[in-house]
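# Architecture and fold: a report
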Amino acid sequence: FVEDMTTSEKQKVAAVDPPGLDNLGNTCYMNSTLQCLRAIPELRASLNSSSLSRSSNDVSETMVASLRELYKEMDGNDDHVTPYQFVQTMRLTFPQFAQQSARGGFAQQDS
């Protein structure tokens, strides 16, 4: 049972069964893509070795740093994560993801 596991045992299981990502209105396809990319060891190694900052003026650096931080948050969580910071960075970098629908929520951009 998960309740009986040590922290290191939970982390091993989490590597196989990663935490879910909360849907922020129109992020279900993005969440699926992020989960798939997270499973690529070479990508994870590259992200972990980067020293890029989210406060950079370069949008590519900002996106990479935001993705790295999201994956680190997921690594330290065995339940679910709300990808709020990553989504905010995405909306600032790609304004079409910040478009509002007629009903007031975010428009569906990722299907």
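In this report, we go over the structure that sits alongside the text. Every chain is numbered independently, its residues counted from 1 as its sequence is written. The predicted nature of this model means local features are confined to residues of pLDDT at least 70 and side-chain atom pairs, given and counted, to a pLDDT of 80 or more, with totals for whole chains, interfaces and linings taken over all residues. To get the side-chain values, all heavy atoms of the structure are used, and hydrogens and water are removed first.

### Some thoughts on the packing of helix α4 (residues 59–75) against helix α5 (residues 84–93)
Test applied: For helices, the fitted axis covers only the stretch in contact; all axes are lines through C-alpha atoms, and the angles between them, taken along N-to-C directions, range from 0 to 180 degrees. By definition, any uninterrupted DSSP run of H or I lasting at least four residues is a helix, any uninterrupted run of E lasting at least two residues is a strand, and each is numbered from the N terminus. Between 65 and 115 degrees an angle is taken as roughly perpendicular, under 35 as roughly parallel, over 145 as roughly antiparallel, and anywhere else as oblique. Less than a right angle of anticlockwise turn of the near helix away from the far helix marks a crossing as left-handed, whereas a clockwise turn marks it as right-handed. It only takes one pair of heavy atoms within 4.5 Å for two residues to be counted as in contact.
Put simply, α4 and α5 touch, their axes get as near as 9 Å, and they point 165 degrees apart. By the angle between their axes, α4 is roughly antiparallel relative to α5. For the pair α4 and α5, the sense of crossing is left-handed. Here V59, T62, M63, S66, L67 and L70 of α4 come into contact with α5, specifically with Q85, F86, T89, M90 and T93.

### Section: the pattern of salt bridges
Where we set the bar: Any Lys or Arg side-chain nitrogen located within 4 Å of an Asp or Glu carboxyl oxygen qualifies as a salt bridge. Only protein chains enter the area calculation, which uses a 1.4 Å probe; residues under 20% of their type maximum are buried, those over 50% are exposed, and those in between are partly exposed.
Throughout the structure, instances matching the rule amount to two salt bridges. As a salt-bridge pair, R38 and D75 come within 2.6 Å of each other at their nearest N and O atoms. Note that R38 is positioned in helix α2 (residues 28–38) and D75 in helix α4, a separation of 37 residues in sequence. Of the residues examined, D75 reaches a relative accessible area of 32% and is grouped as partly exposed. Across the pair R44 and D75 runs a salt bridge, and its minimum N-O distance is 2.4 Å. In this pair, R44 sits in helix α3 (residues 41–49) while D75 sits in helix α4, placing the two residues 31 residues apart along the sequence. Given the relative accessible area of 14%, R44 is considered buried. In this structure, a network of salt bridges that share partners links the residues R38, R44 and D75.

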